[in-house]
Amino acid sequence: MTVTDTTTIAPPEIRRVMHELKRRDLTVVDVGRVTPHMIRITLQDESLRDFPSLSPDDHIKIFVPQGDGDMARRDYTPRVFDRAAGTLVLDFVDHDGGPAADWARSAKPGDHLAIGGPKGSRVITGDIRTWLLIGDETALPAIGRRVEELDAGTPVTTLAAVIEASEEQSFETKASYTPVWVHRPSEQAHEAEPFLRALKTIQIAPQTFIWVAAEACVARSIRSVLENERGISPQWIKASGYWTKG
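Residues numbered from 1 in each chain as written. Predicted model: local features only at pLDDT ≥ 70, side-chain atom pairs only at ≥ 80, totals over all residues. Heavy atoms only, no water.

Describe unusual backbone geometry, and please don't skip the residues or the numbers.
Note the cis peptide between Gly 117 and Pro 118, where omega equals 5°. Secondary-structure assignment places Pro 118 in the loop between β8 (112-116) and β9 (120-125). Even without a glycine there, the phi angle at Gln 207 is positive, about 65°. You can see Gln 207 is positioned in the loop between α3 (193-199) and β13 (208-215). Residue Gln 207 is classed as buried on the basis of its relative accessible area, which comes to 9%. (Helix = DSSP H or I, 4+ residues; strand = E, 2+ residues; numbered from the N terminus. Buried < 20%, exposed > 50% of the residue type's maximum accessible area, 1.4 Å probe, protein only.)

Before we move on, could you go through the nonpolar core and cite the residues and values that matter?
Core analysis: the biggest nonpolar cluster contains 44 residues, and Trp 131, Ile 134, Leu 159, Leu 199, Ile 210, Ile 222 and Leu 226 have the highest contact counts within it. If you tally residues by element for this core, the top one is β13, at six residues. With residues up to four places along the chain from it excluded, the contact list for Ile 134 reads Ile 143, Leu 159, Phe 195, Leu 199, Ile 210, Trp 211, Val 212, Ala 213 and Ile 222. By size, the runner-up hydrophobic cluster in this structure holds 21 residues, among which are Val 28, Ile 62, Ala 72 and Phe 92. (Core = buried A, V, L, I, M, F, W, Y, C linked by side-chain atoms within 4.5 Å. Contact = heavy atoms within 4.5 Å.)

Please provide a residue-by-residue account of the sheet that holds strand β12 (residues 176-183), values included.
Pairing in this open sheet of five strands is parallel, and the strands run β12-β11-β10-β13-β14 from one edge to the other. One side of each edge strand has no neighbouring strand; the edge strands of this open sheet are β12 and β14 (237-243). Adjacent strand axes in the sheet meet at a mean angle of 10°, parallel and antiparallel pairs treated alike. Where strand β10 (residues 130-135) lies against β13, six bridges are found, and the strand directions are parallel. (Pairing = 2+ DSSP bridges. Axes fitted to C-alpha atoms, helices over the stretch in contact; angles between N-to-C directions.)

Mind laying out the pattern of salt bridges, listing which residues take part and the relevant values?
Applying the stated rule across the entire model yields 16 salt bridges. Lys 61 is paired through a salt bridge with Asp 75; the nearest N and O atoms lie 3.1 Å apart. Placement of the pair is Lys 61 in strand β4 (residues 60-65) and Asp 75 in strand β5 (residues 71-76), with a sequence separation of 14 residues. Taking relative accessible area as the criterion, Lys 61 reaches 35% and is therefore assigned partly exposed. A salt bridge links Arg 184 to Glu 137; the nearest nitrogen and oxygen atoms lie 2.8 Å apart. One end of the pair, Arg 184, is in the loop between β12 and α3; the other, Glu 137, is in the loop between β10 and α2 (140-149), and 47 residues separate them in sequence. Like Arg 184, the residue Glu 137 is buried in the burial classification. In this structure, a network of salt bridges that share partners links the residues Arg 33, Asp 94, Asp 102 and Arg 105. (Salt bridge = Lys/Arg side-chain N within 4 Å of Asp/Glu carboxyl O.)

Can you tell me about the sheet that holds strand β2 (residues 23-35), naming the residues and giving the values?
Strand order in the open sheet formed by seven strands is β5-β4-β8-β2-β3-β7-β6, and the pairing between neighbours is antiparallel. Strands with a single pairing partner mark the edges of an open sheet, and in this sheet they are β5 and β6 (80-82). The sheet shows a mean angle of 35° between the axes of neighbouring strands, direction not considered. Bridge analysis of strand β3 (residues 38-44) against strand β7 (residues 87-93) gives seven bridges, and the strand direction is antiparallel.

Which residues make up the packing of aromatic side chains, and what values go with them?
The relation between two aromatic rings is expressed through the spacing of the ring centres and the mutual angle of the planes. Evaluation of the coordinates by the stated rule reveals six aromatic pairs. On the basis of an interplanar angle of 65° and a centroid distance of 5.5 Å, the ring pair of Phe 51 and Phe 81 is categorised as edge-to-face. Within this pair, whereas Phe 51 is found in the loop between β3 and β4, its partner Phe 81 is found in strand β6, the two being separated by 30 residues in sequence. Residue classification places Phe 51 among the buried positions, given a relative accessible area of 1%. Taking the centre distance of 6.1 Å and the plane angle of 85° together, the rings of Trp 211 and Tyr 242 count as edge-to-face. Of this pair, Trp 211 sits in strand β13 while Tyr 242 sits in strand β14, and the two are 31 residues apart along the sequence. A residue is classified by how much of its surface remains accessible, and Tyr 242, at 22% relative accessible area, is partly exposed. Among the aromatic residues, ring-to-ring pairing joins Tyr 76, Phe 92 and Trp 103 into one connected group. A cation over a ring is seen here: Arg 23 above Phe 63, with NZ or CZ 4.7 Å from the ring centre. (Phe/Tyr/Trp six-rings, centres within 6.5 Å; stacked < 30°, edge-to-face > 60°. Lys NZ or Arg CZ within 6 Å of the ring centre and 35° of its normal.)

What is shown is where atoms sit, not what they do.
Printed below as a string of structure tokens:
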């Protein structure tokens, strides 16, 4: 285990950049499966040519119909966007009981999806030598985008939890990438222990920025271990609860 001493190093800056809030009505142009339980949908519209997304963990709101006829709002991460082509890619975890997942399972080319945002981006800058990205299935779009957008040769390790080996994803990147996968059943997605066991095997070098996104209690537990047992300064960690059990 490595304890990172960052007391004499200027910490990274997380800068909030606000965007004009805009609603866009997009058309589905492609639907596929990244893994058996991850649906990838490509959307297109001319309005995406001024779509702002400065950080891999940006969020947009999507608006999908519910069974009672009302519209549900859910937060999703732009997995890939191509301003020149006017396309946006979103990944949906295929699970029971969610209006967004229900919509994604039945989506086909020609269908429409309204989105809003992103409202802003949190841009991380500073003298970051390496990255450690930790998360569950809901964090994989942000993790994948970060890995793929890092500069060539940048060391990055990912610690991601999925239900089985078939759900592991591959990312095309020029970074120096080390994946660590944890397998656990979906009913244990709110438990931190699988992450904490795997985290013990990961060396954390000085000037490593650690990004965490998972169920809210899981994210808090990981942050606590990083700060109190691994000695990581809070300024080198960004931990977010992407969802809450129940």
